[in-house]
Every structure is written in C-alpha cells, then in structure tokens.
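Summary of the model geometry
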Amino acid sequence: MTADEKAGFSPDKYSCKDTCTKDTCTEDMCTEDMCTEDTYIKETGLRVYGHGKPVRLFVAGLHGDEWRDTTEILMKIEPPEKGTLALIPLVRRGEYTSTLDPAYYPVMGISILEAIESLNPEIYIELHSYSRGNLEKLAGRDRLERIGVPAYSILKAGVLLGSVSPWIRKKYFPKEALCLSFEIQKGNPGSREFAADMLEVLKETESRDEFVEYLRKEFPEQARKAIEDYRHFYGEI
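For every chain, the first residue of the written sequence is number 1, and numbering continues from 1 along that sequence. In keeping with the model being predicted, local features are shown solely for residues with a pLDDT of at least 70 and side-chain atom pairs are shown and tallied solely at 80 or more, while totals for entire chains, interfaces and linings include all residues. The side-chain numbers reported here are obtained from all heavy atoms of the structure, hydrogens and water having been left aside.

On to the sheet that holds strand β1 (residues 47-50), then. Sheets are built from strands paired through backbone hydrogen bonds, the pairs being either parallel or antiparallel. Strand pairing is defined by DSSP finding a minimum of two bridges between the two strands. Only DSSP runs of H or I covering at least 4 residues are called helices, and only runs of E covering at least 2 are called strands; the numbering of each starts at the N terminus. Here we have 7 strands laid out as an open sheet, ordered β1-β3-β2-β4-β7-β6-β5, and mixed in their pairing. Each edge of the open sheet carries a strand with a single partner, namely β1 and β5 (153-156). On average, adjacent strands in this sheet sit at an angle of 25° to one another, irrespective of strand direction. Note that strand β2 (residues 55-60) and strand β3 (residues 84-88) share 5 bridges and pair parallel. The partner of Leu-57 across the bridge, within β3, is Ala-86. Whenever a helix is involved, its axis is fitted only over the stretch in contact; in every case the axis is a line through C-alpha atoms, and angles between N-to-C directions fall within 0 to 180 degrees.

Moving on: the pairing of β5. As paired elements, β5 and strand β6 (residues 159-163) share 3 bridges and run antiparallel to each other. Within β6, the residue paired with Ile-154 across the bridge is Leu-160. Hairpin geometry of β5 and β6 is characterised by an intervening segment of 2 residues between the two adjacent antiparallel strands and by a positive phi of about 55° at Ala-157.

Below, the discussion takes up the pattern of salt bridges. Think of a salt bridge as a Lys or Arg side-chain nitrogen and an Asp or Glu carboxyl oxygen that are within 4 Å of each other. Considering all chains together, one arrives at 12 salt bridges under this definition. With a closest N to O distance of 3.2 Å, Glu-206 and Lys-82 form a salt bridge. One end of the pair, Glu-206, is in the loop between α8 (189-204) and α9 (208-218); the other, Lys-82, is in the loop between α2 (67-75) and β3, with 124 residues separating them in the sequence. A salt bridge links Glu-228 to Arg-224, with the nearest nitrogen and oxygen atoms 3.3 Å apart. Note that Glu-228 and Arg-224 are positioned in helix α10 (residues 220-234) at a spacing of 4 residues, about one turn of the helix.

This part covers the side chain of Ser-165. Mapped onto the fold, Ser-165 is located in the loop between β6 and α7 (166-172). Think of it in three bands: with a 1.4 Å probe and only protein chains considered, a residue is buried below 20% of the maximum accessible area for its type, exposed above 50%, and partly exposed in between. A relative accessible area of 3% places Ser-165 in the buried class. Pairs of N or O atoms within 3.5 Å make up the polar contacts considered here, provided that, within protein, one atom can donate a hydrogen while the other can accept it, and that residues adjacent in sequence are counted only when both atoms are side-chain atoms. Within the local environment of Ser-165, its side chain forms a polar contact with the backbone oxygen of Thr-99, the two atoms lying 2.9 Å apart. Note on contacts: a residue pair qualifies if any of its non-hydrogen atoms lie within 4.5 Å across the two residues. If sequence neighbours within four positions are ignored, Ser-165 has contacts with Thr-99, Leu-100, Tyr-105 and Tyr-234.

The geometry of two aromatic rings is summed up by the distance between their centres and the angle between their planes. Aromatic rings from Phe, Tyr and Trp, taking only the six-membered ring of Trp, are treated as a pair when their centres fall within 6.5 Å; an angle between ring planes under 30 degrees marks them as stacked, one over 60 as edge-to-face, and anything in between as tilted. Summed over the entire model, instances satisfying the criterion amount to 6 aromatic pairs. Plain terms: the ring middles of Tyr-104 and Tyr-105 are 4.9 Å apart, the flat faces sit at 90° to each other, and that makes the pair edge-to-face. With centroids separated by 5.3 Å and ring planes inclined at 20°, the aromatic side chains of Tyr-124 and Phe-173 adopt a geometry described as stacked. Residue Tyr-124 is found in strand β4 (residues 123-130), and its partner Phe-173 is found in the loop between α7 and β7 (178-185); the two are separated by 49 residues along the sequence. Looking at Tyr-124, the relative accessible area reads 0%, which means it is buried. Feature note: the residues Tyr-104, Tyr-105, Trp-167 and Tyr-172 constitute an aromatic cluster, connected by ring pairs.

In structure tokens form, the structure reads like this:
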C-alpha cells in the first residue's frame, strides 16, 4: 500500500455515531435508526493521508468498549502538513484481550500488524481508555513488579503516557521509532480534549527525538520518568 491519501474519506463526513450497530447503541451515542453494520465495518478500516516520510500510524478502539472514548478523536483529526498519517479509528469492539497478551496482535489486532508491515511507520501511537478506579493499576509504582511493564506517567486531565506492548515494540519497530500508548480517562471530556491536542502535536512530529524534546519542555518530570523507564526496560534510548 502506498502512503497516498485514501480516496473518498473526509474527517468531517463521519462521527462516533457511525461506529456502532443496533446491538450496541446507547442514548448518549446515537439513535437506533442511524446505526448499520455497514457503517461499523467502514470505520474499522485503514485510511491514509499525505505522502512521504515520516510515516505515522495512530490506532484506537483496540478492545472492549474503549472505542466509545477514543474512536471519535481519530475520526476528527485533519491531515498533516508534511509526511504521512495513517489511521485505524476502530480496531475491534466487544471482547477485551490485553495488548500485553502475545495473542492480541496476531488475532484481534491483525489489522494493526498489516498496517505496520505495509507502511513501516516511524511513529506509532495507540489510544486507549481506562476507568478512574483503575488509575493505580496503570500508574502505580509497582506496575513493573506486578505485570512486568513500567507504570504509565500522568500527563494532564487524566491522560496517561506510556510505551506500547513490548511484544509489538520489540518485534516490529527499530529502537529509533517512537511508539507510545495514551490512556484517556473514560467519561472525561477534558481528558479527550487534551489527548486530541497531544495527537495534533504528534501528527506533525517528524522523529522520536523531536517529540522527546517537546516532552522535556512541556512535561519535564514525566519526560524524565519515561526516559528512565525506557532505558531500564529496553536499554539505551
């Protein structure tokens, strides 16, 4: 697949209402007569804007009901000024399998692997969501001891920043790539807004080092922790 803008797609053409079916509609999302299986299938596909390097891949709605808080953010994003932006606004609904499980990407996340293999992105971003009660599980200092990966850093408005699953990071990306996971707090409009702002920065970012410098300037403590965690877990940055 070439990194040219996918024909027939406009960020303004769809909304989160296009991502559900009659079985999953809720009053806060849409009305039943607006939902069809065709629109759900449409929004699970890959769309690509722009051309050339750097190539950025953003994915959302990876499992469970996370799409309710994340998919619309990607569907509203505009093309980048330079380089390529590839989006998968909705990877999979329903069943929840952790991305730390080696079985996730070859099965539920196969569309992500196909996009990575086709586009070879230098920047890869996953957009997740979490319940307030699970904050400690994600950002607690003992996360590395509990489940074997570093804790997320708390940025702002309940948005957390961390690395993607080691399984996909080590297997599919060189060390120079920028691979990040953002967690949005469910039901928090401010969290969604801040995450959208971060993606606006990332869609114009041209390298890992450029974004690291941005973090150091805007969020020095979080940047320090993220770099230390990365070095401890993966080796030299």
